[in-house]
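# Coordinate analysis (summary)
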Amino acid sequence: MRTPAFCRECLQFRHLLFNSRQSRRCLLSLGDKHWPQSELTQKTRLSIESAWSDRLAALDAAVVARQNSNDSSDNKEKFYILCMFPYPSGRLHMGHLRVYTLGDVVTRYQRFIVGRQVLHPMGWDAFGLPAENAARDRGLPAEAWTRDNIDAMRQQLKDMRLAFDWSREFATCDPEYYRWTQWLFIQLHKSGLCYRRKAYVNWDPVDKTVLADEQVDADGRSWRSGALVEQRPLTQWFVRVSAYYESLLAGLNTVRSDQWREVAKMQRGWLGKLDGTWVQFVLLGLDGKPLDEDLQVFTRQPASLRAVSHLEVSQSSCLIARFPELVSDANSTSSDILLPVRAVNPVTMATVSVVYRPSLTFPLEEATECRAVAPEFDVGAAASPADNMVDRLGISRPSPTLTSAGLFRADVGGGLAGLPADSVEAFDSALVELRRLGAGGHRCSALRRDWLVSRQRRWGTPIPVLHCGQCGPVTVPQEDLPVRLDAEPIAPCPKCGQPAERDRETLDTFVDSSWYYLRFLDARNDKKLCDADKAKKMMPVDLYIGGMEHAVRHLYYARFISHFLHRIGVTPQPEPFDQFLPVGLVLGRTCQLADGRYVPPDEVDFDKSIHLPSGRAVTVTQDKMSKSKLNGVEPGDVLRRLSIDTTRLCLLASTAPQSDRVWDEAGILSGVVNWQKRLWRLVTDLHAVGAEQQRLDPTVDNPDNADVARLVSDRRKTVAAALRAYESTYAFSVAIARMQSLTSLLLSASPEQRRASPLWLESMCLLVYLLSPMAPMFSSELWLGLSAQLGSSADTKKLFDGKFRFDRGVVEQLPDEALAFARLNN
Ligand SMILES: [Zn+2]
């Protein structure tokens, strides 16, 4: 027996590897004494894998290297598939393995079967609070902890034989990466989309950082530290996402709807109904001097802003934290209080009163805390009549000339006078006017405010701003980027040259991950975030795969940044992801005794719900895997025990990718292993016929015969289900079920069919072929078994000429003929 040698030089390597006449290591070579009775044992599965594993890795690396070297000249149709990059927490879990397996299967299909130029990169979402905390607990620098984790996790991914393009790898904590995150911030700032304002923020006193509203639970505690969250006034950077709401909503109509349907619904729900606008009212003290905070008012009748008599703030407003003594006197919900501040109406520049109204409430999901009241128009009449309030508190009404002369400045356009304030025309014209005044005016919903991007943490992208006593905040010039984590705290102001203080805060990690899909296209470019031609060629991401839990916020920020980058000419279209496949969790079976103690699942008889060592009853539930619940499994252990391909099939079979799946090893495994054994038997049985007895006789495939008709129909359904799964639904469980049924049908064939039926042989080849992206090593071994038999018989060579090529490994099939064959014949 000859062991195939291979050379790292790709051509040489392929020639040696895939010429089956030279590499006769097929299933027979496992030992003639086992054949033809040989069973597929666990030992065989593992030995197949050890024979193929390095070759597969070398093949993947060679294909990627060849593709990257032809980057610009390759005219193949592109396919960009991206799995969400992981947070380098130290180890991969089964959820990662599930997502990456799906990505790998589609990659292999698109690359080897369809023949597209596939980009499938991997990197690290490396900044963030957990690293900072973990490093602090261990007395290590955050960077050292993160880099160690990245090394360990990269090795794990390589051990899984996933076909990533490692030449494009980066971590968001690389200065070469965050330099462009900073550049992005500066572009947002230049475009007027970044602003600073004092705001009361959710402050976690343990982690010492600001939390987003979504990170505070219903009891007002931090999602991470569990501490009671405080409200603190801080001057923060915000990004005006509100300016893009209309664009973000419209964009949802342009993405492919089959996978996006649910996610688009979630995105629409998150954006809310765009039926109003946010308007900023600057606050003045009673001395007439501006305070360092403002009120953001949501109004559905912007056309009536000119007639606003006062603002009303609710108990949820952070403004009242400024006046604790006033508010504590007003515990009774009946007493409205005129606050000792005034607000500047951005439309008229007149000052108006601000009233604290304890009885005022807003729907819980809304981000609103105050409203503008225009008695003439009775805005928000749901509360008590505004007139009553105005008279009772002695609030001065706006001058009648202001309200009757027109809803807005009578000298602009003039057409608004007399329009009903609630008309569409008045609404639209008011927005135009507000935008002109720089006071908001973007169509928004009451659900979302602008994106607070400052974080009081060190392990993040430094905000590229210098605070100058003379010039205020000034962004760092592009040539001085990156501003490194260890940059000197004082630097000359880029405008006046005086010493200025660096912004000490860092950007929300959602900013880091809002554009990484572009960097993979041009990861080593030190002149640009991404070359426009490369973006034009490879964007959008054809398939984005990741956890369902990221289907709202991450996607919202990533889409926003992509829409922005499109508007400034970096990307060819606004939407970054053509399809998004949300993947459910991998749950563990959780076994708990009556006293609350958890026991490991392998000590439990699930049929009887009994803990075997103690004989006590257990309650079995399905929960997210965790160490404390003893319900987790390590991906590395599973792969070593079951083999990579068997684990892949277990992750793909029986559950749709979008659903949570319970890792019930015994249950899933027996089904998958049984199927593998039956596939194995198909090939060993074929060998029992012997190549010299293979005499093809097309008359055996008489379509009037019911068995033949059934095989034709079953094969058609199998190919259709598999292609549908690979190309659009990703419902591999459905494809696998069909392939299993075709396997059974093929196994039931008579010796005559095995010897003579072209249909039967073709169907078997097709089955192994369709399996190859899901189980590349196992199917390669089957293919070698087939090629040893069929490739040497003159009869079958004629049959398969131009359909399958037996002198190549299955993972390297020439795509076009085979797919055309599959389609034509089904
Ligand atoms: Zn200056």
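Heads up: the structure comes first, above all this text.
Residues numbered from 1 in each chain as written. Predicted model: local features only at pLDDT ≥ 70, side-chain atom pairs only at ≥ 80, totals over all residues. Heavy atoms only, no water.

## Observations regarding the overall build of the chain
To keep things clear, this is the line we draw: Starting at the N terminus, helices and strands are each numbered in turn, a helix being any DSSP run of H or I of at least four residues and a strand any DSSP run of E of at least two. For the exposure calls, accessible area comes from a 1.4 Å probe over protein chains only, and a residue counts as buried if that area is under 20% of its type's maximum, exposed if over 50%, partly exposed in between. Contacts are assigned to residue pairs with any non-hydrogen atoms lying within 4.5 Å of each other. Accessibility throughout is a Shrake-Rupley quantity obtained with a 1.4 Å probe, and a residue counts as covered only by protein chains that appear here.
Check the secondary structure of the chain and you find 26 helices and 27 strands. Scored against the burial criterion, the 826 residues of the chain give a buried share of 57%. In the chain, once contacts between residues fewer than 6 apart in sequence are set aside, the share between residues at least 24 apart is 75%. In the form shown here, the chain has an accessible surface area of approximately 34300 Å², with 51% of it arising from carbon and sulfur atoms.

## Let's talk about the packing of helix H2 (residues 42-69) against helix H24 (residues 776-790)
Basically, it comes down to this: Every angle, taken between N-to-C directions, lies between 0 and 180 degrees, and every axis is a line fitted to C-alpha atoms, over only the stretch in contact when it is a helix. An angle below 35 degrees is read as roughly parallel, one above 145 as roughly antiparallel, one from 65 to 115 as roughly perpendicular, and any other as oblique. Throughout this entry, Asp, Glu, Lys and Arg are counted as charged residues, while Ala, Val, Leu, Ile, Met, Phe, Trp, Tyr, Cys and Pro are counted as nonpolar. The remaining residues, Gly among them, count as polar.
Where H2 contacts H24, the axes come no closer than 9 Å and their chain directions differ by 105°. Taken together, the axes of H2 and H24 are roughly perpendicular relative to one another. Contacts from Ile48, Glu49, Trp52, Ser53 and Leu56 in H2 reach Pro776, Met777, Phe778, Ser780, Glu781 and Leu784 in H24. Per-class residue counts for the contact of H2 with H24 are seven nonpolar, two polar and two charged.

## A short note on helix H12 (residues 424-437)
Note the threshold: Each helix should span, by expectation, one fewer than its residue count multiplied by 1.5 Å.
Its 14 residues place the ends of H12 20 Å apart at the C-alpha level, agreeing with the 20 Å of an ideal helix rising 1.5 Å per residue. The set of residues buried in H12 consists of Ala426, Phe427, Ala430, Leu431, Glu433 and Leu434. Residues of H12 that are buried make contact with strand S6 (276-285) and strand S12 (440-444). Just downstream of H12 lies glycine 438, where phi reads positive at about 70°.

## Details of the coordination of the zinc ion
Geometry reference: four tetrahedral donors at a metal, ideal angle 109.5 degrees. Six octahedral donors, ideal angles 90 or 180 degrees. Inclusion rule: Sites may look incomplete, because water is not among the atoms used; the donor set itself consists of N, O and S atoms within 2.8 Å of the metal (3.2 Å for Na, K and Ca).
For the zinc ion, the full set of protein donor atoms is Cys468 (SG), Cys471 (SG), Cys493 (SG) and Cys496 (SG), at a range of 2.2 to 2.4 Å. Going along the chain, you hit the donors of the zinc ion in the pattern C-x2-C-x21-C-x2-C. Highlighted residues: cysteine 471 in the loop between strand S15 (465-468) and strand S16 (472-475) and cysteine 496 in the loop between strand S17 (490-492) and strand S18 (499-502), separated in sequence by 25 residues. On the basis of relative accessible area, cysteine 471 is assigned to the partly exposed category, the value being 27%.

## A few points about the pattern of salt bridges
The condition that has to hold: Put simply, a salt bridge is a Lys or Arg side-chain nitrogen that is within 4 Å of an Asp or Glu carboxyl oxygen.
This model, assessed by the stated rule, comprises 38 salt bridges. For aspartate 542, the salt bridge goes to lysine 78, with nearest N and O atoms at 2.7 Å. Taken as a pair, aspartate 542 in the loop between helix H15 (532-538) and strand S20 (543-547) and lysine 78 in strand S1 (residues 78-83) lie far apart in primary sequence, 464 residues in all. The exposure class assigned to aspartate 542 is buried, which follows from its relative accessible area of 14%. Judged by its relative accessible area of 15%, lysine 78 is buried. The salt bridge involving arginine 357 is made with glutamate 312; its shortest N-O contact spans 3.0 Å. Here arginine 357 is found in the loop between strand S10 (351-356) and strand S11 (370-373), whereas its partner glutamate 312 is found in strand S8 (residues 310-313), with 45 residues between them in sequence. Here arginine 357 and glutamate 312 have matching classes, each one buried. One network of salt bridges, in which partners are shared, links Asp60, Asp104, Arg108 and Arg648.

## Some details on the nonpolar core
Note the cut-off: Residues belong to a common nonpolar core when they are buried Ala, Val, Leu, Ile, Met, Phe, Trp, Tyr or Cys residues joined through side-chain atoms within 4.5 Å.
By size, the foremost hydrophobic cluster in this structure holds 182 residues, and its most contacted members are Leu157, Trp451, Tyr516, Tyr517, Phe732 and Met774. Element by element, the count of residues in this core is highest for helix H23 (residues 758-771), at eleven residues. Beyond its immediate stretch of four places on either side in the chain, phenylalanine 732 contacts Leu102, Val105, Val106, Leu652, Ala725, Tyr726 and Met774. Listed in part, the 26 residues of the second largest apolar core include Val279, Ala307, Val354 and Tyr356.

## Re the sheet that holds S18
Adjacent strands of a sheet pair through backbone hydrogen bonds, lying either parallel or antiparallel. Quick note on the threshold: Pairing between strands requires that DSSP locate at least two bridges from one strand to the other.
What the four strands build is an open sheet, ordered S16-S15-S18-S17; its pairing is antiparallel. A single partner strand is all that each edge strand has here, and the edge strands are S16 and S17. On average, adjacent strands in this sheet sit at an angle of 40° to one another, irrespective of strand direction. Sheet topology note: the S15/S16 ladder contains four bridges and is antiparallel. Each residue of the ladder has a partner; that of leucine 466, found in S16, is valine 474.

## Some words on helix H6 (residues 175-190)
Think of an α-helix as turning once every 3.6 residues; residues three or four places apart then point the same way. For H6, spanning 16 residues, the distance from its first C-alpha to its last is 22 Å, which sits close to the expected 22 Å at 1.5 Å a residue. Burial analysis of H6 places twelve of its 16 residues in the buried class, which makes it a mostly covered element.

## Quick notes on the sheet that holds strand S5 (residues 230-239)
Spatially, the four strands line up as an open sheet ordered S4-S3-S5-S13, and their pairing is antiparallel. Looking at the sheet topology across the chains shown, the edges are occupied by strand S4 (209-211) and strand S13 (451-452). The sheet contact formed by strand S3 (residues 194-204) and S4 spans three bridges and is antiparallel. Note on S4: the bridge partner recorded for asparagine 202 is leucine 211.

## So, the packing of helix H19 (residues 665-689) against H23
As a reminder of what qualifies: Working rule for handedness: look at the near helix, and if it is turned counterclockwise from the far one by less than a right angle, call the crossing left-handed; if clockwise, right-handed.
Taken N-terminus to C-terminus, the directions of H19 and H23 make an angle of 140°; their axes are 12 Å apart at the nearest point. It follows that H19 is oblique to H23 by the angle criterion. Once H19 is placed against H23, the crossing between them reads as left-handed. Side by side, H19 and H23 meet where Trp675, Leu679, Leu682 and Leu686 of the first sit next to Trp760, Leu761, Met764, Leu767 and Leu771 of the second.

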